[in-house]
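Structure assessment
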Amino acid sequence: EVIRAAVEALEKFGAGLSSVRFICGTQSIHKDLEEKIACFHQREDAILYASCFDANAGIFEALLTPEDAVLSDELNHASIIDGIRLCKANKYRYKHMDMQDLEAKLQDAQKHRLRLVATDGAFSMDGDIAPLREICQLAQKYDALVFIDECHATGFLGPNGRGTDELLGVMDKVTIINSTLGKALGGAAGGYTTGPKPLIDLLRQRSRPYLFSNSLPPAVVGCASKALDLLMDSNAIAQSMAAKTQRFRSKMMAAGFTISGKDHPICPVMLGDARLAAVMAEDMLNRGIYVIGFSYPVVPKGKARIRVQISAVHSDEDIDRCVEAFTEVGRKHGALP
Ligand code: PLP
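Residues numbered from 1 in each chain as written. Predicted model: local features only at pLDDT ≥ 70, side-chain atom pairs only at ≥ 80, totals over all residues. Heavy atoms only, no water.

The subject of this paragraph is the overall build of the chain. A tally of helices and strands in the chain yields 14 helices and 13 strands. Computed over the C-alpha atoms, the radius of gyration of the chain is 21 Å, within 12% of the 20 Å expected from 2.2 N^0.38 for a compact globule of 337 residues. Per-residue burial over the chain gives 53% buried out of 337 residues. A separation of at least 24 residues holds for 69% of the contacts in the chain among residues at least 6 apart in sequence. Of the roughly 15300 Å² of accessible surface on the chain, a fraction of 52% belongs to carbon and sulfur atoms. Of the charged side chains in the chain, 39 are positive and 42 negative; the average position of the first set lies 3 Å away from that of the second. (Helix = DSSP H or I, 4+ residues; strand = E, 2+ residues; numbered from the N terminus. Rg over C-alpha atoms; globule rule 2.2 N^0.38 Å. Buried < 20%, exposed > 50% of the residue type's maximum accessible area, 1.4 Å probe, protein only. Contact = heavy atoms within 4.5 Å. Areas by Shrake-Rupley, 256 points an atom, 1.4 Å probe, with all protein chains shown as cover. Lys, Arg positive; Asp, Glu negative; His and termini not counted. Charge placed at Lys NZ, Arg CZ, Asp CG, Glu CD.)

Written out as structure tokens, the structure reads:
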């Protein structure tokens, strides 16, 4: 369905706009998609970008002045770090998911005009989920706004796939969401910001990657739009993702493996040794299972792993076969007794 929607959009609306949005790069489908994104996240408005990297590059500079402060988790995605580098606000980096440290930094940041806490909703390297309830409580206490990057959550976390804020029951407390159309929402490309209307209006006037980069090609818009329709029609996909994730994580742990993170379909199988991760991933591929070994410098030294990503198209049999293969390969290479 997603591919068909892309082909239809390509035929009806052309290959591309040869323009940025505000000159002659806006078609009805771009506006419809923005409306659909806002509706999906239950926010007032949304703005499209060529990527979420661009959305992250544009937002901090447009929103924050030298009188403001931004408080960022130390393990935030590179694009958040780069976006923050581009703004002139006072910068605080708090320890990964450490609420005591965030509180101390928020206290220090009281002297600034406005405070923005910025975090990945879900962190892709470890498959861990930001403690958004606690973050939102602290934000309320210290009068801060909350920004989350939902690239690793939109479309599959939470009972209806709305993301980390839905999973943790804080959809009305998170102010701004940036996310991608290039992962669960069709997987082609594109990104967006969704949040309060005045913020989106401001971004349309001031956000440099929005103002100075071509608008999304119609086929890409078609893919994302259909993916959102499917998710809004029924929560079956989101629910099946949660069940499959749980099946894989619990069976792997019962087999004796350590899986980092919690409740996330990114399941890092922790192995420690870089060579072990590489040879095991190769052996998994020989058994027809495509998983990738990660080691230093992508992850810290001594924390090599194989990252498994559960997908909505995996069947229960696929997942069981994967666990069996891991068990065989783990025994062969000494990762399991
Ligand atoms: N933010 C996070 C957390 C990501 O994982 C990624 C992509 O990997 C991005 C932003 C960038 O998204 P895009 O590929 O749409 O530029």
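Take the packing of aromatic side chains next. For the structure on display, the rule yields four aromatic pairs. For the ring pair Tyr49 and Tyr210, a centre distance of 6.2 Å and an interplane angle of 75° mean the geometry is edge-to-face. One end of the pair, Tyr49, is in strand β1 (residues 45-49); the other, Tyr210, is in helix α10 (residues 208-211), with 161 residues separating them in the sequence. Relative accessible area serves as the criterion here: at 6%, Tyr210 is assigned to the buried category. Chaining the aromatic ring pairs together yields one cluster made of Phe248, Phe257 and Phe326. Its guanidinium or amino end placed over the ring of Tyr296, Lys301 lies 4.5 Å from that ring's centre, counting from NZ or CZ. (Phe/Tyr/Trp six-rings, centres within 6.5 Å; stacked < 30°, edge-to-face > 60°. Lys NZ or Arg CZ within 6 Å of the ring centre and 35° of its normal.)

Right, let's get into the UniProt feature "domain: Aminotransferase class I/classII large" (unreviewed entry) in the chain. Following the UniProt record, the feature "domain: Aminotransferase class I/classII large" (unreviewed entry) maps to residues 3-326 here. Secondary structure content for residues 3-326 is 45% helix and 18% strand, and the end C-alpha separation is 33 Å. (UniProt positions renumbered as here; feature names shortened; annotations may be inferred.)

In this section: the site of the ligand. Surrounding the ligand, one finds 13 residues, the nearest of these being Cys52, Asp149, His152, Thr180 and Lys183. Between the ligand and His77 there is a distance of 3.4 Å, counted from a nitrogen atom to a side-chain nitrogen or oxygen. Between Asp149 and the ligand, the recorded distance is 2.6 Å, taken from a side-chain N or O atom to a nitrogen atom. With three residues, the top contributor of residues to the shell around the ligand is helix α4 (residues 52-63). Taken together, the residues that form the shell around the ligand break down as three nonpolar, seven polar and three charged. (Near = heavy atom within 4 Å. Polar contact = N/O pair within 3.5 Å; in protein donor to acceptor, adjacent residues only side chain to side chain. Nonpolar A, V, L, I, M, F, W, Y, C, P; charged D, E, K, R; others polar.)

Now for the pattern of salt bridges. Counted according to the given criterion, the structure contains 20 salt bridges. Taking the shortest distance from any N to any O, the salt bridge between Asp108 and Lys111 comes out at 3.1 Å. A single salt-bridge network, built from bridges that share partners, covers Arg247, Lys251, Asp316 and Asp320. (Salt bridge = Lys/Arg side-chain N within 4 Å of Asp/Glu carboxyl O.)

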